[in-house]
Amino acid sequence: MTYSSQEEIISRHSLLWLLIVNIAVLAPLYDKLTPWSMAICGICLVWRFGIFIGKVAKPPRYLVTALAIASAITLALVTSEIGLLNGLINLLILGYALKYIEMRNRRDVRTVVLVGYFLIAITFIDQQSIFYAVNLTFVTGINTCVLVSLYREDVKLKDTARIGFKLLLQSLPLAALLFLVLPRLPPLWMVPQQKSTQTGLSDEVSFGDITELTRSAALAFRAEFSMSPPSNQQLYWRALVMEDYDGSKWTQNSSIKNIEENTPFTTPRRQQPDGSSIQYSVIAEPSNQHWLFGLDAAFSSDTGIINLPDYRLYSVRTVDQKFQYHVDSYPQYAMDKTLDSTVRRLNLRLPDDVNPRAFELAQSFEERFPDPETRLSAMMRYFTEQPYFYTLTPPRVGPQQIDDFLFENKAGFCVHYASALTFLARASGLPARLVTGYQGGEFNQSAGYLSVYQYMAHAWTEVWVENRGWVRFDPTAMIAPERVLEGFDAYFQAQDSYLLDSPFSPLRLREFPLLNELRLTLASIDYYWSVWVLGFDKNKQEKILQKLLGKVTQQKIAIFMLMSITLIGLIIAYSAGLLHFNRGKDRVSTTYLRMCYLLEKKGVIRDKRLGPTDFCSIVEQAFPGIATDFRRFTHYYVALKYQPLSPHRRKKTVKLFLSQSRKLKLKIIKGKTS
């Protein structure tokens with residue numbers, strides 16, 4: 001067999017690694033696969049396993065070609081449903097799977113490995129948590145082991161793994177250096193948006209919507225304040241403002257929607273408020289929505305964020321990854337101290353012939369309490385004077401929703417009470433609107449940040465008051481004050497709400513102090529990962545470089561990079577055995593000479609013209625008690641000095657040699673030589 005034909009053969013060693021890496025690379029992408037793609041990948045994996053155990057032959061090329069064409073046609077038909085980006089990812093995965101069973105030589109293996117690296121990068125772009133980062137680093141190591149197996153067929157599986165992961169570890173310092181010094185540039189092109197399930201709050205609200213969110217233990221966002229965080233009762237995280245009501249649901253007004261749709265081209269006019277502010281940063285979890293979260297009145301100067309006229313924060317791009325932004329909130333600022341006539345009419349508008357009993361109640365409030373603020377106080381007291389109940393499982397309502405709630409059921413959740421108050425305020429002649437967002441947060445004492453979960457979703461009312469602007473009124477605080485003062489968990493049982501559908505949620509560990517500490521520690525690690533790795537922007541980069549280099553200049557950065565790359569190269573060269581440092585006598589020779597000196601004290605002097613083997617014979621005759629041990633000691637020395645040993649074998653022999661030296665030395669000192 002010629003050398004070239006041998007070079008083309010894929011060893012069983014490599015085939016085994018390919019089986020492992022195929023599963024490892026595709027498993028994190030399961031949620032991107034269509035059923036057809038998943039079936040093709042499964043067939044390819046089973047077929048390749050059959051080839052590995054010798055039960056089936058390689059598939060003919062026409063079969064692979066037919067599968068590829070059928071896959072492409074199927075993807076073309078469903079791309080409109082799954083989105084262009086998901087369609088392209090599925091196409092790449094199918095190419096990876098089909099090439100996997102079609103491999104015939106080592107060049108094909110290298111192609112599969114390179115595509116594997118690309119798929120790992122795609123997974124990390126989509127899933128950037130520290131758990132996935134560690135997992136994907138491990139998968140990268142396995143993929144590297146496939147390349148190692150192509151050139152080191154003589155080593156065992158564990159030795160291939162050791163070499164592969166050693167290569168990966170050697171590359172990490174260079175990756176960290178490039179991460180630190182490469183400039184943070186904006187994207188050169190726009191990636192197509194994925195069609196993914198939207199999570200969290202919706203841009204329309206009916207009586208049952210927020211109640212559904214209370215069954216979710218998912219994280220919505222985290223916030224870290226520059227100073228001490230506000231108390232729980234001040235944590236009203238604004239997300240959406242609903243101004244249109246059709247009798248069954250609240251929705252955003254079309255004027256705001258038009259501004260949102262045109263955000264890439266126009267910037268709404270809202271100036272940054274004056275006065276003292278609360279400064280904090282927020283890391284929003286992926287929601288595939290545009291709206292962000294902030295305390296009133298929120299303003300952000302970050303690129304890619306629009307400060308909308310209704311005092312909300314809006315992301316130009318869909319939040320499909322963790323997104324960090326900085327906010328200044330002005331709690332004393334009066335929102336819209338003067339109200340535009342169009343906005344006034346909009347927030348007084350009610351549908352005809354809807355909730356007549358509630359309308360009559362509102363009219364009675366207007367007659368009895370002409371002063372708006374006194375009227376609003378009376379409306380808020382009304383919820384405590386009547387037998388209302390706060391519950392996650394309110395009774396069903398009919399077409400006249402607010403009438404049924406106010407006069408029949410008298411039990412509901414935050415949306416019921418906020419909807420009723422907003423309706424009553426409008427019907428009594430006061431401009432009012434519904435606001436949705438989140439209320440409260442879990443404070444991580446050790447890391448100093450707040451975690452806000454989906455079950456903390458909340459709704460409240462804003463009423464426009466003369467000379468005060470939009471003022472928040474939350475009837476929930478009247479019915480269930482613990483919910484606002486201490487948080488959701490102070491009023492509701494977790495087992496009956498957000499843990500009901502989450503049997504494996506880490507929030508279940510709150511009941512066990514030690515495990516809860518572990519949960520908070522792991523959450524803190526994930527938070528720091530989000531802040532310092534995922535959120536490593538131009539400002540953080542400049543601060544770190546200033547600490548390292550002082551005044552940052554291009555010349556200093558170039559010298560820093562050159563010195564760092566040189567140092568990393570020397571370390572890699574030394575670990576690979578390409579570089580050696582002269583330390584004088586090596587450890588092996590020094591240990592042997594010390595043993596000879598010790599024997600010289602016992603009367604056996606080594607002639608420098610004698611070789612190790614001849615000197616061993618003299619020692620055996622003089623000291624029979626250590627003859628066997630010294631013969632083994634000499635054997636190791638000769639092997640280390642004069643025999644070609646592999647790095648692994650040499651390392652093992654050095655350990656044996658030094659161990660034997662210590663054993664011999666102990667016997668000689670104790671006089672056990674005869």
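Residues numbered from 1 in each chain as written. Predicted model: local features only at pLDDT ≥ 70, side-chain atom pairs only at ≥ 80, totals over all residues. Heavy atoms only, no water.

Can you help me understand the overall build of the protein chain in this one?
A count of helices and strands for the protein chain gives 24 helices and 18 strands. The C-alpha atoms of the protein chain give a radius of gyration of 36 Å, which is well past the 26 Å a tight globule of 674 residues would have. Judged by the C-alpha coordinates and their principal axes, the protein chain covers about 125 × 65 × 55 Å. The proportion of buried residues among the 674 residues of the protein chain is 47%. Across the protein chain, the fraction of contacts at a sequence separation of at least 24, relative to all contacts at a separation of at least 6, is 73%. Accessible area for the protein chain stands at about 35600 Å²; split by element, carbon and sulfur atoms hold 59% of it. For the protein chain, the centre of its 75 positive side-chain charges and the centre of its 60 negative side-chain charges are spaced 21 Å apart. (Helix = DSSP H or I, 4+ residues; strand = E, 2+ residues; numbered from the N terminus. Rg over C-alpha atoms; globule rule 2.2 N^0.38 Å. Buried < 20%, exposed > 50% of the residue type's maximum accessible area, 1.4 Å probe, protein only. Contact = heavy atoms within 4.5 Å. Areas by Shrake-Rupley, 256 points an atom, 1.4 Å probe, with all protein chains shown as cover. Lys, Arg positive; Asp, Glu negative; His and termini not counted. Charge placed at Lys NZ, Arg CZ, Asp CG, Glu CD.)

Honestly, a positive patch on the surface in this entry has me stumped. Any pointers?
A contiguous patch of positive charge, built from K156, K158, R649 and K652, is present on the exposed surface. Residue position: K156 is located in the loop between α7 (130–151) and α8 (157–181). (Patch = residues over 30% accessible without salt bridge, like charges linked within 9 Å, V, L, I, M, F, W, Y side chains within 5 Å. Salt bridge = Lys/Arg side-chain N within 4 Å of Asp/Glu carboxyl O.)

Would you mind going over the packing of aromatic side chains with me for this structure?
The geometry of an aromatic ring pair comes down to the distance between the two centres and the angle between the two planes. A complete count under the given rule lists 44 aromatic pairs for this structure. Judged by centre distance (6.3 Å) and plane angle (75°), the rings of Y245 and F423 are edge-to-face. You can see Y245 sitting in strand β4 (residues 244–245) and its partner F423 sitting in helix α15 (residues 414–427), a full 178 residues away along the chain. The pair formed by Y245 and F423 is uniform in burial state, with each residue classed as buried. Ring centres of Y382 and F383 lie 6.2 Å apart, and the angle between their planes is 75°; on these two criteria the pair is classed as edge-to-face. Each member of the pair Y382 and F383 is classed as buried. Geometry around Y388 places K410 over its ring, the cationic atom sitting 5.9 Å from the centre. Its end group placed over the ring of W470, R433 keeps NZ or CZ at 3.9 Å from the ring centre. (Phe/Tyr/Trp six-rings, centres within 6.5 Å; stacked < 30°, edge-to-face > 60°. Lys NZ or Arg CZ within 6 Å of the ring centre and 35° of its normal.)

Sorry if this is basic, but what is going on with the domain arrangement of the protein chain here?
By a widespread convention, an interface's size corresponds to the accessible area lost as its parts come together. The domain architecture assigned to the protein chain consists of domain 1 (12–151), domain 2 (204–342 + 433–460 + 496–517), domain 3 (538–575) and domain 4 (587–670). The C-alpha centroid of domain 4 is placed 75 Å from the C-alpha centroid of domain 2. (Domains from an automatic or database assignment.)

Sorry if this is basic, but what is going on with the packing of helix α2 (residues 12–26) against α8 here?
Axis angle and axis distance: for two packed helices, these are the angle between their axes and the distance between the axes, and together they describe the pair. The N-to-C vectors of α2 and α8 enclose an angle of 65°; their axes lie 11 Å apart at closest approach. Taken as a pair, α2 and α8 cross one another with a handedness that is right-handed. Residues H13, L16 and W17 of α2 form the contact with α8, whose own contacting residues are L157, T160 and A161. (Axes fitted to C-alpha atoms, helices over the stretch in contact; angles between N-to-C directions. Left-handed = near helix turned anticlockwise from the far one by under 90°.)

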